[in-house]
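Spelled out, the chains give:
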Amino acid sequence: MRLSDPSVLDILERSMVARLASMSRRGRPHVNPLYFIVTDGHIHLGTATATLAAHNVGANPQVQVIFEDERNPTDRRMLRIDGEAVVRTDPALMESYRRGVARKYVIHPPGLWNMLVHTHRWLPMRRYTSAAEACVIDVTPVSIEIIEDRSRLARLR
Amino acid sequence: MTAITNRISLEEASDLLDPPARACVGFVMNDRPHVEPVTLQFERGRFMIGLDASLPLDRCDEVVLVVDEGLYYFDLRAVYVRGTPRPVGSDDDAGRRFEIEATKISCWDYGRLRAVA
C-alpha cells in the first residue's frame, strides 16, 4: 500500500490530528497528538526541537503514526503508518510547512472562527510559539495499513 | 519574568475523560514504537483501558496513554499519562483490559494559554 493510494489519501485528507509514537534511546515509549500535512510522499508533523518527540526521533528514527477522521465518528477506518523520521529545521521546509498548516487549520471558516473568538489569547500564543525553536518531524513511510473496522473496541466499553 | 503555559490540572481536564474523546496508548514492542486506539474508563482516579487482545501490553514495563480533543488551535486539549499497565479481569471476545498505574500525568489546553510567574 502506498501513500498515493486513493483510500490512504482519503483518510489523510479527512484527518486533522496525527498520533505519533516514538521511543527514546533507552526504549521508553512516547505518544504525541500533532498537526500534520502531507507533502511529496512524506508526512510532516509540527513540533519544537525541545520536545520529547523531537529528541526521541533524533535518537531513534523509527516511528508509528495513526490517523482517523475525527469529524466523523461513524467512519471506523484507521490508517497506520510505520516510518523512518528525521527532525528538520531548514527554512524552506519550515516555510512550506507553515503555509500548509495555515491552509489546513486556519484559512477557512472554522479555523478563522477559532482564531477570532480567542483574540485575547493571541499574544500568549505568539510568545508561546516563539519561545521554542519550531521543527518538522519528517516521516518517510515504510509500511502503510488501513484498519477497516475498529468497532470491536466499542464492545469493551 | 513570566513564562507562557498551556498546562492545566487533571481536575480541570476531567471532562475530557468522561467520556473520552479520543484515546490511544503508546508502547514499545519488538524494539519499535507502537500506538493503538483504546477505550478508556476513568473510574475514581483509575485509568482503565481496553484494547485488542492480541497486543502484549502485559509484557510492557511502561506505556503512555493520551486522551485528546479538538481540531483547531485553541480547542486542542489533552491528558497524558505515563505508567505501568496491570491486567484487570479476564480476556473476552473483544479484547483485554488494563489499569494504567500512573507515574506521571500532564494535561494541557491551548485555550488556556496564559502567563505564569
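In what follows, the structure referred to is the one given above.
Read on for an overview of the structure. Since the model is a prediction, treat every value here as computed from it, not as a measurement.

When its secondary structure is counted, chain B shows zero helices and ten strands. Secondary structure elements in chain B, listed N-terminal to C-terminal, are β-β-β-β-β-β-β-β-β-β. Expressed as lengths along the three principal axes of its C-alpha atoms, the size of chain B is roughly 50 × 30 × 25 Å. Every one of the 117 residues in chain B was classed for burial, and the buried ones make up 40%.

The next point concerns the overall build of chain A. For chain A, the count of helices and strands is five helices and six strands. Taken over the C-alpha trace, chain A has a radius of gyration of 16 Å; the compact-globule value for 157 residues is 15 Å, and the two agree within 12%. On the principal axes, the C-alpha backbone points of chain A span a range of 45 × 40 × 35 Å. Relative to its full complement of 157 residues, chain A shows a buried share of 29%. Of the contacts formed within chain A by residues at least 6 apart in sequence, a portion of 71% connects residues at least 24 apart.

In this section: the sheet that holds strand β6 (residues 134-147) of chain A. Residue and element names in this part refer to chain A. Sheet architecture is closed into a barrel: six strands sit in the order β1-β2-β3-β6-β5-β4, paired in antiparallel fashion. Looking at each pair of strands side by side, their axes are set apart by 40° on average, direction ignored. Here strand β5 (residues 78-88) runs beside β6; their pairing, made up of eleven bridges, is antiparallel. Following the sheet pairing, Ile81 is matched in β6 by Ile144. The sheet strands contacting helix α1 (residues 6-14) are β2 (29-39), β4 (62-67), β5 and β6, and the helix crosses β6 at an angle near 135°.

Here we take up the pairing of strand β5 (residues 39-43) of chain B. Residues and elements named next belong to chain B. The alternating pattern of β5 places Leu40 and Phe42 on a buried face and Thr39, Gln41 and Glu43 on a face that is not buried. Judged from the five bridges that link them, β5 and strand β6 (residues 46-51) form a sheet pairing that is antiparallel. Within the sheet, the bridge partner assigned to Phe42 lies in β6 and is Phe47. Two successive antiparallel strands, β5 and β6, enclose a turn made up of two residues, where Arg44 displays a positive phi of approximately 50°.

Let us now look at the nonpolar core. Among the nonpolar cores identified, the biggest contains 55 residues, and Leu20, Val65 and Ile137 of chain A together with Val25, Ile49 and Leu65 of chain B are the most heavily contacted of them. If you look at the next biggest cluster of nonpolar residues, it comprises five residues, including Tyr105 of chain A together with Tyr73, Leu76 and Leu113 of chain B.

A separate point is the interface of chain B and chain A. If you look at the interface, chain B gives 32 residues, while chain A gives 35 residues. Within the residue set of the side of chain B that touches chain A, elements represented by two or more residues are β3 (22-29), β4 (32-37), β7 (63-69) and β10 (114-116) of chain B. Its residues placed into classes, the side of chain B that touches chain A shows 18 nonpolar, seven polar and seven charged.

Our next topic: the environment of Pro110 of chain A. Secondary-structure assignment places Pro110 of chain A in helix α4 (residues 109-116). As for Pro110 of chain A and Arg2 of chain A, which are separated by 108 residues in sequence, their C-alpha atoms are 31 Å apart.

Residues and elements named next belong to chain B. Looking at chain direction, strand β2 (residues 7-8) and strand β9 (residues 96-109) are connected through two bridges and run antiparallel. Looking across to β9, one finds that Ile8 is bridged to Cys107. Pairing of β6 with β9, which is carried by five bridges, proceeds in the antiparallel orientation. Within β9, the residue paired with Met48 across the bridge is Glu99. Where strand β8 (residues 77-87) meets β9, eleven bridges bridge the pair, whose relative direction is antiparallel. Bridging from a neighbouring strand, Thr84 pairs with Glu101 of β9.

Moving on: helix α2 (residues 52-59) of chain A. All names here are of chain A. Along α2, the positions that sit buried rather than exposed are Ala53, Ala54, Asn56 and Val57. Along α2, the residues classed as buried sweep out an arc of 160° about the axis, all on the same side. Considering only its buried residues, α2 is in contact with β1 (17-23), β2, β3 (42-48), β4, β5 and β6.

Calculation criteria
Residues numbered from 1 in each chain as written. Chains lettered and ligands numbered in written order. Predicted model: local features only at pLDDT ≥ 70, side-chain atom pairs only at ≥ 80, totals over all residues. Helix = DSSP H or I, 4+ residues; strand = E, 2+ residues; numbered from the N terminus. Buried ≥ 20, exposed ≤ 12 C-beta atoms within 10 Å, placed from the backbone. Rg over C-alpha atoms; globule rule 2.2 N^0.38 Å. Contact = placed C-beta atoms within 7 Å. Pairing = 2+ DSSP bridges. Axes fitted to C-alpha atoms, helices over the stretch in contact; angles between N-to-C directions. Core = buried A, V, L, I, M, F, W, Y, C linked by C-beta atoms within 7 Å. Nonpolar A, V, L, I, M, F, W, Y, C, P; charged D, E, K, R; others polar. Arc of directions from axis to C-beta.

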